[in-house]
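# Descriptive structure summary
Here is how the chains run, residue by residue.
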Amino acid sequence: MSRPSSSMLVFLLAGQSNMAGRGGLPLQGPRVIGSPEALTAEAIGRRRGELQDVLASAVRAARDVHGTSGGTGGDGGVAGVDELCKRVYRLTCGCTTDPRAWRWEPAQDPLHWDVDTRKSCGVGPGMAFAVALLGRLAAVHGRTDITIGLVPAAVGGVPLSDWLEDRGGLPEWGSSPTSLPGLGEDGASSLFKLAVARARAGVEVATRDTGATRAVLSGWLFYQGESDCGSTQLADTWCERFCSGLATPLRKALCELASKRTGQLPLVVAAVHTDPTLPSCCCLASVRKQQLHHVPNTLPRCSVVDTAHLLLRPDGLHLTTTAQDLLGAAMAEAMMPWLLEDEPLVINDNL
């Protein structure tokens, strides 16, 4: 599995079910990220069309860099995306909190299958995020040697309170979790502490597992809020609780792995989008206001991507597969300015 590479850019994926992924996977054959047929079918509305262009540009960049060999049906774009996917890794969890079982492996959906074990996982925004980012790095900066590492940490159905630094809440893996260094002797680590431990482990073992000469924690993606849409109290305090209870302490815990220029890990938040007629989503508007307006005005180095223009599955809660691909492209677009600011040597020069 090991391949020479100058740098691995590591990103933490956190939140609940839409980050873990509930988009459908094909029953047979490989999944094609940014399938032209699927994009055309769902490209309704101006913003959706803009995101289609973002993802399509990544596909074109992949085609230009990697050519048409090895594709399916003579489609150079598909072949190029396949090549980009080969430079994406996921940190496997092995359904355990024992860090000795964690290692990098080639990434493919579902990314969270061994983290969010209470539900059947599917497509989230992670793979499209990585592909769009790699396509941009190749097209604009000529870098085809960088790899991306995705650290899955999202769990479906959890409220924001389960993510806060001082709360418990662990995926139900069916066995007593093994204690982690620095997380307490009883092993009752919260989702917060588990995410921090996995992000640290990912950077530490990148060279061993992927051949990268350098690994840097470059940002984190957060998509949560559906479980807080049913209560006025939870909805109206979402920003305060997120910023003080999760974002700020998580950045502090991981500051030694972030860019030395700022010490603040860049963050991209997805603003929730559900069917507002669902009884469990009666306070959706308040949560969206907190995420779209209060969060970026409270936290530095934070961007918010709206999902309101993307299609939902029939359950009214989860994004479709193509919507997840478009969201991943949008999150990559939002992350890129922070990446250019933090890691110019990684992106523009050979270390």
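Residues numbered from 1 in each chain as written. Predicted model: local features only at pLDDT ≥ 70, side-chain atom pairs only at ≥ 80, totals over all residues. Heavy atoms only, no water.

### Some thoughts on the sheet that holds strand E7 (residues 302–306)
- Spatial ordering of the open sheet is given by E3-E2-E4-E1-E5-E6-E7, a layout of seven strands whose pairing is mixed. Each having just a single partner strand, strand E3 (103–106) and E7 make up the two edges of the open sheet. Put simply, the sheet's adjacent strands are angled 25° from each other on average, direction ignored.
- In the sheet, strand E1 (residues 8–15) pairs with strand E4 (residues 147–152) via six bridges, with the strands oriented parallel. (Pairing = 2+ DSSP bridges. Helix = DSSP H or I, 4+ residues; strand = E, 2+ residues; numbered from the N terminus. Axes fitted to C-alpha atoms, helices over the stretch in contact; angles between N-to-C directions.)

### Some remarks on the nonpolar core
- Core analysis: the largest hydrophobic core is formed by 100 residues, its most contacted members being Leu 150, Trp 163, Trp 220, Phe 222, Phe 242 and Leu 246.
- Considering every element that reaches this core, the biggest residue donor is helix H10 (residues 321–342), with 12 residues.
- Ignoring any residue separated from it by four or fewer positions in sequence, one finds Phe 242 in contact with Leu 160, Trp 220, Phe 222, Ala 247, Leu 267, Val 269, Val 295 and Leu 299. (Core = buried A, V, L, I, M, F, W, Y, C linked by side-chain atoms within 4.5 Å. Buried < 20%, exposed > 50% of the residue type's maximum accessible area, 1.4 Å probe, protein only. Contact = heavy atoms within 4.5 Å.)

### Notes on helix H8 (residues 238–253)
- A rise of 1.5 Å per residue sets the reference length of H8, with its 16 residues, at 22 Å; its end C-alpha atoms lie 21 Å apart and thus fit the reference within 8%.
- Its axis deflected by about 30° at Ser 244, H8 carries its strongest bend there.
- Within H8, 12 of the 16 residues are buried, leaving the element largely enclosed by the surrounding structure.
- For H8, the full list of buried residues reads Trp 238, Cys 239, Arg 241, Phe 242, Cys 243, Gly 245, Leu 246, Ala 247, Pro 249, Leu 250, Arg 251 and Ala 253. (Expected span 1.5 Å × (residues − 1). Bend = angle between axes of the 7 residues up to and from the residue.)

### Overview of the confidence of the model for the protein chain
- On average, residues of the protein chain score 79 in pLDDT, and 72% of them reach the 70 mark or higher.
- Taking the mean pLDDT of every element in the protein chain, the minimum, 51, falls on helix H2 (residues 36–42) and the maximum, 97, on strand E6 (residues 267–271).
- Under a pLDDT of 50 for its full length, residues 68–77 has, in the predicted model, 10 contacts with residues more than four places off or in other chains.
- Segment residues 169–189 is flagged for pLDDT under 50; beyond a separation of four residues in sequence, or across chains, it makes 45 contacts in the model. (pLDDT = per-residue confidence, 0-100.)

### Regarding the packing of aromatic side chains
- Summed over the entire model, instances satisfying the criterion amount to seven aromatic pairs.
- Relative to Phe 242, the ring of Trp 238 lies with its centre 4.8 Å away and its plane at 15°, an arrangement referred to as stacked. Here Trp 238 pairs with Phe 242, and both are found in helix H8, just four residues apart, close to one helical turn. Like Phe 242, Trp 238 is buried.
- Three or more aromatic residues joined by ring pairs form one cluster here, namely Trp 163, Trp 220, Phe 222, Trp 238 and Phe 242.
- A cation over a ring is seen here: Arg 198 above Trp 102, with NZ or CZ 5.2 Å from the ring centre. (Phe/Tyr/Trp six-rings, centres within 6.5 Å; stacked < 30°, edge-to-face > 60°. Lys NZ or Arg CZ within 6 Å of the ring centre and 35° of its normal.)

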